[in-house]
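Chain by chain, the residues:
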Amino acid sequence: MAEFKGKVAIVGFGEVPTGKFPNRPCLASALESCRQAILDSGIQKDEIDTIMPTGTFYDRRYNTDMVFSKLVEELGLLGKVKTNMQVFAGGSSSSAMLKTATGLITAGLAKTILCVQSDKTGSAPVQEMIDLFATFGIPEEWETPYGFFMGGCGSMSATRYMHETGTTHEQIASVVVSMRKWAALNPNAMLRRELTVEEVLSSKLVATNQTTREGNVLADGGAAFIVTTAERAKDLRNPPVYPLGFGGRVCHYGVSQDKDLTRLGFPEAAKEAYAMAGITAKDIDIAEIYDGYPIYPLITLEGLGICERGEAGHFVLERNTWPGGKMPMTTNGGMLAQGHTAAGGGVAVLVEAIRQLMGKAGERQVKGAKIAVETSMGGTFMDSHVVVLGRELP
Amino acid sequence: MMDYKKPLPKMSPWSAPFWDGCRRHELLIQKCQDCEAFNFYPKMYCANCLSSNLDWVKTSGLGKVYTHMTVYAYQPTEFTDDVPYVVAIVELDEGVRMMTNVVGCPPDEVQCEMRVKVVFEKATDEITLAKFKPAG
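Once a new chain begins, its residue numbering starts again from 1 and follows that chain's sequence as written. For naming, the first written chain is A and the first written ligand is 1, with later ones following in the order written. Totals for whole chains, interfaces and linings use every residue, but because this is a predicted model, local features are given only for residues with pLDDT of at least 70 and side-chain atom pairs only at 80 or more, for both listing and counting.

Thoughts on unusual backbone geometry
B:Phe40 connects to B:Tyr41 through a cis peptide bond whose omega is 0 degrees. Helix and strand assignments follow DSSP, with helices taken as H or I runs no shorter than four residues and strands as E runs no shorter than two, numbered in order from the N terminus. Topologically, B:Tyr41 is positioned in the loop between strand 2 (38–39) and strand 3 (54–58). Residues B:Val83 and B:Pro84 are joined by a peptide bond in cis, for which omega reads -5 degrees. Considering the arrangement of structural elements, one finds B:Pro84 in the loop between strand 4 (62–71) and strand 5 (85–92). The backbone of A:Phe381 sits at a positive phi, close to 65 degrees, despite the residue not being glycine. Summarising the element assignment, A:Phe381 is placed in the loop between strand 10 (371–376) and strand 11 (383–390). Using a count of 29 C-beta atoms within 10 Å as the deciding quantity, one classes A:Phe381 as buried. One non-glycine residue, B:Leu50, lies in positive phi territory at about 65 degrees. As for its position among the elements, B:Leu50 is in the loop between strand 2 and strand 3. Neighbour counting defines burial: a residue surrounded by 20 or more other C-beta atoms within 10 Å of its own C-beta is buried, one with 12 or fewer is exposed, and intermediate counts give partly exposed, using backbone-placed C-beta atoms.

Structure (structure tokens):
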């Protein structure tokens, strides 16, 4: 079933700093990321036969340009690229792009794929972005009339999770502390000041069990990565990163329809991805976990089998996910600290997994890391994805 | 006429009987006549077997809070005057879940698993919303 194993490799990446850059056009972030990825991989740009831009929220016209092959023209690949197509699943676009690229390369339908994301939700008009993220993914007939909005997803999950597991708000808040610890070491991150649990909890209460500092911050950013055949990767300069397993579950469209907001689809997605990769949770060196709100990394740590049910909060509060800890988690700082660039929040987490496995993470490098899991979630945390990546061929 | 400023449900053609029910103070859900599955929110086809043979049944209007949040800030603009307000996911005794508001008690009294009963709030002549209050 896992025919792709040993046939596909990630060979390069690029990323621009995340933050508020009103004068940096979205296209500039995309081009800079693509250029860096190409140079980083050492691949000739003419070898790229497929460009896969994911979706952009801030500007419909720019998004359409991405769909309509603007990057092919900008990168001087007219007549060379065979397919330009968007692969878009909101926050889980990272996993979706890699899954699609892996399948196309394994099937021989593409050889070298450039995956790219850029967005500008940080310097787009604030009210517009608030309204956009307040309404997107919320059923207009069944949830909007009651004043529910996307920013409430984390609160709803946290409250039920605390009820079922006895986890405290202090433990949930400690996820933000862990994210800031890593972001302090990440020059591309937006919020690099370290915080204490007390500082997280004493910020303004937005909703039940959710303070301001437990919310993600919208930002501008961009990132890219290149996927090619394992054969081609042999002659390139970076240590190749191999996709080893994929698992996913879509568990709701409307938050009210999820059967278990304290687990989501992670137990099933992890089981599937581990079986494909031939690993267990004990083999994981780094957990590059998608955050959004601090409750989700706790749910994910448990779904991944890294922590027992109800123990993730204690695990994080006890500093196990910090630099130097037992299980380095979301080592770029995630959306809570690097910044939330719409679909790019997840792409940044995937790029960080690639960076770590290539041994290029600078001050935050996890020494000797061989196996990383990358997770992602899209929309109102509608889906749960687990990708296993490795430095070594199976 | 009362001026209702908050967002009204954007109705789908197959959900009209639900809203008609709310106006009569009856909480209706769909029941598939082929596989007997309950469906909420209303579906065009049964989400269990894709049958179009869906009928409407009256629920007890009783259920329990699965989870809840009190909104203190960053609320959608139209809800500014309501802050703090309680949004909750209620599981009806029939097994389906719905997003709603819990009213009729101070927000900090709302708990997971709390028993609740439907209460109807008229928004406009056309729309009455199904909300919940503590039961008994």
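Details of the interface of chain A and chain B
For every residue pair, C-beta atoms are placed from the backbone, and the pair is scored as a contact if these atoms sit within 7 Å. Each partner contributes residues to the interface: chain A has 27 residues there, and chain B has 32 residues. Going through the elements one at a time, helix 6 (153–165) and strand 5 (205–207) of chain A are the ones with two or more residues in the side of chain A that touches chain B. With five residues, helix 6 of chain A is the largest single contributor of residues to the side of chain A that touches chain B. For this classification, the nonpolar set comprises Ala, Val, Leu, Ile, Met, Phe, Trp, Tyr, Cys and Pro, the charged set comprises Asp, Glu, Lys and Arg, and every other residue, Gly included, is treated as polar. Looking at side-chain class alone, the side of chain A that touches chain B contains 12 nonpolar, 10 polar and five charged residues.

Re the domain arrangement of chain B
Residues and elements named next belong to chain B. Domain delimitation follows an automatic or database domain assignment. Looking at the assigned domains, one finds that chain B contains domain 1 (14–58) and domain 2 (60–136). Each of domain 1 and domain 2 was reduced to a C-alpha centroid, and the two centroids are 21 Å apart. With eight residues of domain 1 at the contact, the number on the domain 2 side is 11 residues. If one sorts the elements of the side of domain 1 that touches domain 2 by residue count, helix 1 (residues 16–23) sits on top with three residues. Across the side of domain 1 that touches domain 2, the residue classes break down as six nonpolar, one polar and one charged.

Re the environment of A:Leu27
Mapped onto the secondary structure, A:Leu27 falls in helix 1 (residues 26–41). Placed 92 residues apart in sequence, A:Leu27 and A:Asp119 show a C-alpha to C-alpha distance of 8.8 Å.

Details of the packing of helix 4 (residues 93–106) of chain A against helix 14 (residues 344–358) of chain A
Residues and elements named next belong to chain A. Simply put, an axis is a line fit to the C-alpha atoms, just over the touching stretch for a helix, and the angle between two N-to-C directions goes from 0 to 180 degrees. Here helix 4 crosses helix 14 at 60 degrees, and the two axes come no closer than 7 Å. Here helix 4 is positioned oblique relative to helix 14, judged by the angle of their axes. Contacts from Ser93, Ser94 and Leu98 in helix 4 reach Gly346, Val347, Val349 and Leu350 in helix 14. For the contact of helix 4 with helix 14, a count of residues per class yields four nonpolar, three polar and no charged. Angles below 35 degrees are treated as roughly parallel, those above 145 as roughly antiparallel, those between 65 and 115 as roughly perpendicular, and all remaining angles as oblique.

Overview of helix 7 (residues 169–183) of chain A
The span you would expect from a helix comes to 1.5 Å times its residue count less one. For helix 7 of chain A, which comprises 15 residues, the first-to-last C-alpha distance of 22 Å matches the rise-based estimate of 21 Å (1.5 Å per residue) to within 8%. Burial analysis of helix 7 of chain A places 14 of its 15 residues in the buried class, which makes it a mostly covered element.

Regarding the sheet that holds strand 2 (residues 50–53) of chain A
Residue and element names in this part refer to chain A. Note on pairing: two strands pair once DSSP finds at least 2 bridges between them. Taken in spatial order, the five strands of this open sheet run 1-7-4-2-3, and their pairing is mixed. Edge strands, defined here as strands with exactly one partner in the open sheet, are strand 1 (8–19) and strand 3 (83–84). Here nine bridges tie strand 1 to strand 7 (residues 220–229), and the two strands are oriented antiparallel to one another. The residue of strand 7 that forms the bridge with alanine 9 is threonine 228.

Some points on the sheet that holds strand 2 of chain B
Residues and elements named next belong to chain B. Taken together, three strands build an open sheet; the order of strands is 2-1-3 and the sheet is antiparallel. Because the sheet does not close on itself, it has two edges, and the strands there are strand 2 and strand 3. Pairing of strand 1 (residues 28–32) with strand 2, which is carried by two bridges, proceeds in the antiparallel orientation. Looking at strand 2, one finds that glutamine 30 is bridged to asparagine 39.

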